[in-house]
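Chain by chain, the residues:
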Amino acid sequence: MNTPVKSKALDRIDISILDTLQRDGRIANVDLAKKVNLSASPCIDRVKRLEKEGYIDGFGARLNAAKLGFGTAAFIQVTLDRTTSEVFDKFRDAVVQIPQVAECHMVAGGFDYLLKLRLPNMDAYRDILALIVDLPGVAQTHTYVVIEQVKNDRGLPLKPADSPPAAG
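To keep things clear, this report deals only with the structure shown in the data block. (Residues numbered from 1 in each chain as written. Predicted model: local features only at pLDDT ≥ 70, side-chain atom pairs only at ≥ 80, totals over all residues. Heavy atoms only, no water.)

1. Digging into the sheet that holds strand 2 (residues 101-106)
Within the open sheet, the four strands sit side by side as 2-3-1-4. Their pairing is antiparallel. A strand with exactly one partner marks an edge of an open sheet, and here the two such strands are strand 2 and strand 4 (138-145). Mean inter-strand twist for the sheet, computed between neighbouring axes without regard to direction, equals 20°. Inspection of the sheet shows strand 1 (residues 72-80) paired to strand 4 by seven bridges, in the antiparallel sense. Looking at strand 4, one finds that Val78 is bridged to Thr141. Contacting strand 1, strand 2, strand 3 (113-119) and strand 4, helix 5 (residues 122-133) crosses the sheet at an angle of about 160° to strand 4. (Pairing = 2+ DSSP bridges. Helix = DSSP H or I, 4+ residues; strand = E, 2+ residues; numbered from the N terminus. Axes fitted to C-alpha atoms, helices over the stretch in contact; angles between N-to-C directions. Contact = heavy atoms within 4.5 Å.)

2. Quick word on a nonpolar patch on the surface
Taken together, Leu63, Leu68 and Phe70 make up a surface patch of nonpolar side chains, about 320 Å² in accessible area. When you line up the elements, Leu68 lands in the loop between helix 3 (40-52) and strand 1. Residue classification places Leu68 among the exposed positions, given a relative accessible area of 52%. (Patch = residues over 30% accessible without salt bridge, like charges linked within 9 Å, V, L, I, M, F, W, Y side chains within 5 Å. Areas by Shrake-Rupley, 256 points an atom, 1.4 Å probe, with all protein chains shown as cover. Salt bridge = Lys/Arg side-chain N within 4 Å of Asp/Glu carboxyl O. Buried < 20%, exposed > 50% of the residue type's maximum accessible area, 1.4 Å probe, protein only.)

3. Considerations on helix 1 (residues 12-23)
Along an α-helix, residues three or four apart share an orientation, since each turn contains 3.6 residues. The end-to-end C-alpha distance of helix 1, which contains 12 residues, comes to 17 Å, matching closely the 16 Å that a straight helix rising 1.5 Å per residue would cover. Lining the buried residues of helix 1 we find helix 2 (29-35) and helix 3. By the N-cap criterion, in which a side-chain oxygen at the helix start approaches the backbone nitrogen of a residue two or three places on, helix 1 is capped by Asp11, the distance to Ile13 being 3.0 Å. (Expected span 1.5 Å × (residues − 1). Polar contact = N/O pair within 3.5 Å; in protein donor to acceptor, adjacent residues only side chain to side chain.)

4. Side note on the pattern of salt bridges
Two side chains with opposite charge may pair up if their charged atoms get near one another. According to the stated counting rule, one finds nine salt bridges in the structure shown. For Arg82, the salt bridge goes to Asp81, with nearest N and O atoms at 3.5 Å. A residue is classified by how much of its surface remains accessible, and Asp81, at 43% relative accessible area, is partly exposed. The residue Arg92 makes a salt bridge to Asp89 at a minimum N-O spacing of 3.2 Å. Of the two residues, Arg92 and Asp89 are both situated in helix 4 (residues 85-95); the distance of three residues between them amounts to about one turn of the helix. With a relative accessible area of 34%, Asp89 lands in the partly exposed category. One network of salt bridges, with partners in common, ties together Asp11, Asp14, Arg46, Arg49 and Glu53.

5. Topic: the layout of surface pockets
Taken as a whole, the largest pocket holds about 1400 Å³ of empty space. Considering the residues around the largest pocket, the lining is formed by 40 residues, among which Ala61, Arg62, Asp153, Arg154 and Gly155 are closest to the centre. Secondary structure elements with two or more residues in the lining of the largest pocket: helix 1, strand 1 and strand 3. Element by element, the count of residues in the lining of the largest pocket is highest for helix 1, at five residues. Looking at the lining of the largest pocket residue by residue, the classes come out as 19 nonpolar, nine polar and 12 charged. The space that makes up the second largest pocket amounts to roughly 170 Å³. Lining the second largest pocket are 10 residues, and of these Lys151, Arg154, Gly155, Leu156 and Pro157 lie nearest its centre. Across the lining of the second largest pocket, the residue classes break down as two nonpolar, three polar and five charged. (1 Å grid on protein atoms, 1.4 Å probe; cavity = no way out; pocket = protein on both sides within 12 Å on 5 of 7 lines; lining within 4 Å. Points joined across faces, edges and corners; volume = space filled by probe spheres on them. Nonpolar A, V, L, I, M, F, W, Y, C, P; charged D, E, K, R; others polar.)

In short, shape yes, function no, at least from these values alone.
If you want it as structure tokens, here you go:
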């Protein structure tokens, strides 16, 4: 079992490091240090601390889904037949086994879960839908196929400049 690591309060340099890394996870430590006005050694120490404390979950590359044959995206609203912890657990345990389900969120509102699927085409969607409707506890689904992705997640808005403009 992992013991929780006590987190130190984040300062402006920590925020700057996190913001820079989420935009460019491949940045060399020397360049990161320059960008946040530190020398290399304290900078890498901070990055390691931020990882240890759980602020950094990992590093990876953003892949082009269309080029890799997963150009179709769909969202599926799932309503369960009962809302009990047993049904939630069985659904969760089953849905995480489907690789085409990129994301699964339990939500509040008119349905129970929102799934994001990445698929090669509509034939594949039909096959996956057949699996999803047979998952434990599923009473109803509604699908929304993505026509155009207008904005993609590019990280958390850590710096004030990333905040949306005030409503006028």
